[in-house]
Every structure is written in C-alpha cells, then in structure tokens.
Amino acid sequence: MEQRITRIAGPEDERLAPYRNVRERDLVGREGRFIAEGKVVLNVLLANRSFAIESLLIIENRLAGLKDQIRVCPADVPIYCVSRTTIDAIAGFPMHRGILAVGRRMNPLSVQALIDTLSPTALVVVLCGISNHDNMGSIFRNAAAFEADCVIMDETSCDPLYRKAIRVSVGATLKVPFAQQGPIEAIIETLQDAGFTLFGLSPSGLTSINSVQPAQRTALLLGTEGEGLPPALLQQLQTARIPMSSDFDSLNVATASGIALSRLSRFASL
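The structure displayed is predicted, hence computed values, not measured ones.

Q: Would you mind going over the nonpolar core with me for this structure?
A: A general trend in soluble globular proteins is that nonpolar side chains are found buried together. Counting residues in hydrophobic clusters, the biggest one holds 53 residues, and the most contacted among them are Val125, Leu127, Val151 and Leu201. Here this core takes 6 residues from helix H10 (residues 253-264), the largest share from any one element. Ignoring sequence-local partners within four residues, the contact set of valine 151 consists of Leu114, Val125, Leu127, Phe140, Ala143, Val176, Pro177, Phe178 and Ala179. Membership of the second largest hydrophobic core comes to 23 residues, among which are Ile152, Ile188, Phe196 and Leu237.

Structure representation (structure tokens):
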C-alpha cells in the first residue's frame, strides 16, 4: 500500500489545489466535480461506476484504516497523505473526518433517459424547488432506505452533489440514480407519458397517505419547505397528506418524505 501514497508536507503544494477552500468552492462552482467526505461516503463512491475518483486526500492517522479502500481504488488515482494541520488549512473547515476525495459524475442522464432505464414496477421521488441542502441530503437518504428507484429534480432544486448534501445523505446521493432538468411541469408530463401514477404530498392533500394504493409505477412529488407544491400543480394531481395534529403547522419535508416513502415502498406490506 505504501508505494501508492504520496506524502505532501504543506498546504501550498499545487497538487492539493482541488481541495483548497472547499466551502467556497461549493458556492462558486465546481466544473462538474464534487467533494466527498469520510469513510462511509468514500465506500459508496468507490462502489458506483457512475462516478470517477480523481484523487484522495487522507491524514496520516487514517491510512491504516483505509487499506481496503486504497486496494480497490483505481491505480491511476493519486492518493495524498498530509498532517491534520495541513488538511485543516487546505479545506477551510473541520468536518472532513480526515478523508476527502475529489469525484466527478460520469455521463449524467436526462430525465427521459433515466425513466427509460426503469422497470415496469418503479417508485420515483420527484422534487420541486428543494433548495435546502440538508433537506436534499435527507430525502436522498430516505429514498435509499426505502429503495426508491430514482430521484428526479426540477431546475429550481439545489445540487445533490453539494458537499453538505452528500454528507447528510451518508452517501445516498452517490447511490440513488438521479436526473435534474427543466421545469416541474415538463417532468410531470414525461412521467405521465411513461405510465406513472403521481401523488402530490401536501398538508392539504385530499387523501390520507395511509389510504393511498401504490400503482405499478408510482411517483411521489415533494415541494419546497414552507410553500410546498405550487397550488396550480396540486389541482392537476392526486394529492395525499400525512395525518397529524391540527395544533402544529407541518412536518419538515425530509421527515415527510420518509413517512410517505415508507407507505409507498415495497416494505409497507412486510
């Protein structure tokens, strides 16, 4: 393993440029690349051929625990080893757990192309205007837990490959297939043409989620925190609500997604 490791003494080394000021890089733009943090997320990244790893950055005291990951990492991927002081100076934040990777998404699919890959029986999560990265990561985590086949996002939703979204999802944004493209109306039309039954989740939904009978192809639509799905959209769809106390406003959209997916997934009958 040791022959694969390149030890770097200080943060000024140009080979570490992709890791510099990661927090700001998320906000400025990443040219199709993303930062993965921690051992669990690294395992997911290594297991999915839809993503490529461009390099790894590891602090010295984490090397011994990553022998298996380094062994399966492609031979042409540089693996850099630095001190904790150096990695903190480079990254600009302390949440990296001593393991960072630069990844790149390979050949992202359009919404239509992703739908074309689905089986006759499928459960799809559709997101409209989800702009909070914590919510995005949590929804993907729920989608993975309840084995949704994919997540489809409109153009106003945030990037699931944002560093924080990946971390909150525990790597699920690197595991669950997804596509992001165009307005929500176009996504709905494409799903309907593909034979999906759509349910819009809303506190004002007409049907309890406990009474919804999933179809062979089911799509669950979730709207942004606070405003929810656009009223004009809800008028076009079958709508469902989660029964809850009338003395409280509503559930967080990520929590609501978990409850609804539990009801719509194949695990509901177990």
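Moving on from the model shown.
Q: How do you make sense of helix H8 (residues 184-193) when you look at a structure like this?
A: In an α-helix, one full turn covers 3.6 residues, which means residues spaced three or four apart are oriented alike. For H8, the full list of buried residues reads Ile184, Ile187, Ile188, Thr190 and Leu191. End-on view of H8: buried residues confined to an arc of 165 degrees, all on one side of the axis. Turning to H8, the residues buried within the fold contact helix H5 (111-116), strand E6 (122-128), strand E7 (150-153), strand E9 (197-201), strand E11 (217-223) and helix H9 (231-236). Where H8 terminates, the next one or two residues include glycine 195, which has phi positive at roughly 85 degrees.

Q: Whenever I open this one, the pattern of salt bridges confuses me. Can you help?
A: Enumeration according to the criterion identifies 9 salt bridges in this entry. Among the ionic pairs, glutamate 147 bridges to arginine 266, the shortest N-O distance being 2.8 Å. Residue glutamate 147 is located in the loop between helix H6 (133-145) and E7, and its partner arginine 266 is located in the segment after H10; the two are separated by 119 residues in the primary sequence. The class for glutamate 147 is partly exposed, based on a relative accessible area of 43%.

Q: Would you take a moment to explain the state of the cysteines for this structure?
A: Think of a disulfide as a covalent bridge from one cysteine sulfur atom to another cysteine sulfur atom. One pass over the structure, following the stated rule, counts 0 disulfides. Cysteine cysteine 81 is unpaired, with the sulfur of cysteine 73 as its nearest cysteine sulfur at 14 Å. On the basis of relative accessible area, cysteine 81 is assigned to the buried category, the value being 2%. Residue cysteine 150 stays outside any disulfide, its sulfur separated by 16 Å from that of cysteine 128, the closest cysteine.

Q: Got a minute to help me understand unusual backbone geometry in this structure?
A: Leaving glycine out, the prevailing phi sign among residues is negative, and the prevailing peptide bond configuration is trans. Positive phi outside glycine occurs at asparagine 107, with the angle close to 50 degrees. Structurally, the position occupied by asparagine 107 is in the loop between strand E5 (99-105) and H5. Although it is not a glycine, glutamate 147 adopts a positive phi angle of roughly 55 degrees.

Q: Looking at this model, I keep getting lost on the packing of aromatic side chains. Mind explaining?
A: As enumerated under the stated definition, the model contains 2 aromatic pairs in all. On the basis of an interplanar angle of 90 degrees and a centroid distance of 5.8 Å, the ring pair of phenylalanine 140 and phenylalanine 178 is categorised as edge-to-face. With phenylalanine 140 in helix H6 and phenylalanine 178 in strand E8 (residues 178-180), this pair connects stretches of sequence that are 38 residues apart. The exposure class assigned to phenylalanine 178 is buried, which follows from its relative accessible area of 6%. Geometry around phenylalanine 178 places arginine 105 over its ring, the cationic atom sitting 3.8 Å from the centre.

Thresholds applied
Counting of residues starts from 1 at the beginning of each chain's written sequence and follows it residue by residue. Only residues with pLDDT of 70 or above have their local features reported here, since the model is predicted, and side-chain atom pairs are shown and tallied only from 80 upward, although totals for entire chains, interfaces and linings are computed over all residues. Heavy atoms throughout the structure, all of them, feed into the side-chain values; hydrogens and water do not. As used here, the term nonpolar core means buried Ala, Val, Leu, Ile, Met, Phe, Trp, Tyr and Cys residues forming a set that is joined through side-chain atoms within 4.5 Å. We call a residue buried when its accessible area falls under 20% of the maximum for its residue type, exposed when it is over 50%, and partly exposed in between, using a 1.4 Å probe and counting protein chains only. Secondary structure counts use DSSP, requiring at least four H or I residues in a row for a helix and at least two E residues in a row for a strand, with both numbered from the N terminus. Whether two residues are in contact is decided by their heavy atoms: any pair within 4.5 Å suffices. Our arc is simply the arc of the directions from the helix axis toward the C-beta atoms. Here, a salt bridge means any side-chain nitrogen of Lys or Arg that lies within 4 Å of a carboxyl oxygen of Asp or Glu. A pair of sulfur atoms, both from cysteines and within 2.5 Å, is called a disulfide here. Only Phe, Tyr and Trp rings are paired, with Trp represented by its six-membered ring, and only when their centres lie within 6.5 Å; those with planes under 30 degrees apart are stacked, over 60 edge-to-face, the remainder tilted. As a reminder, the over-ring test applies to NZ of lysine and CZ of arginine, requiring each to be within 6 Å of the ring centre and within 35 degrees of the ring normal.

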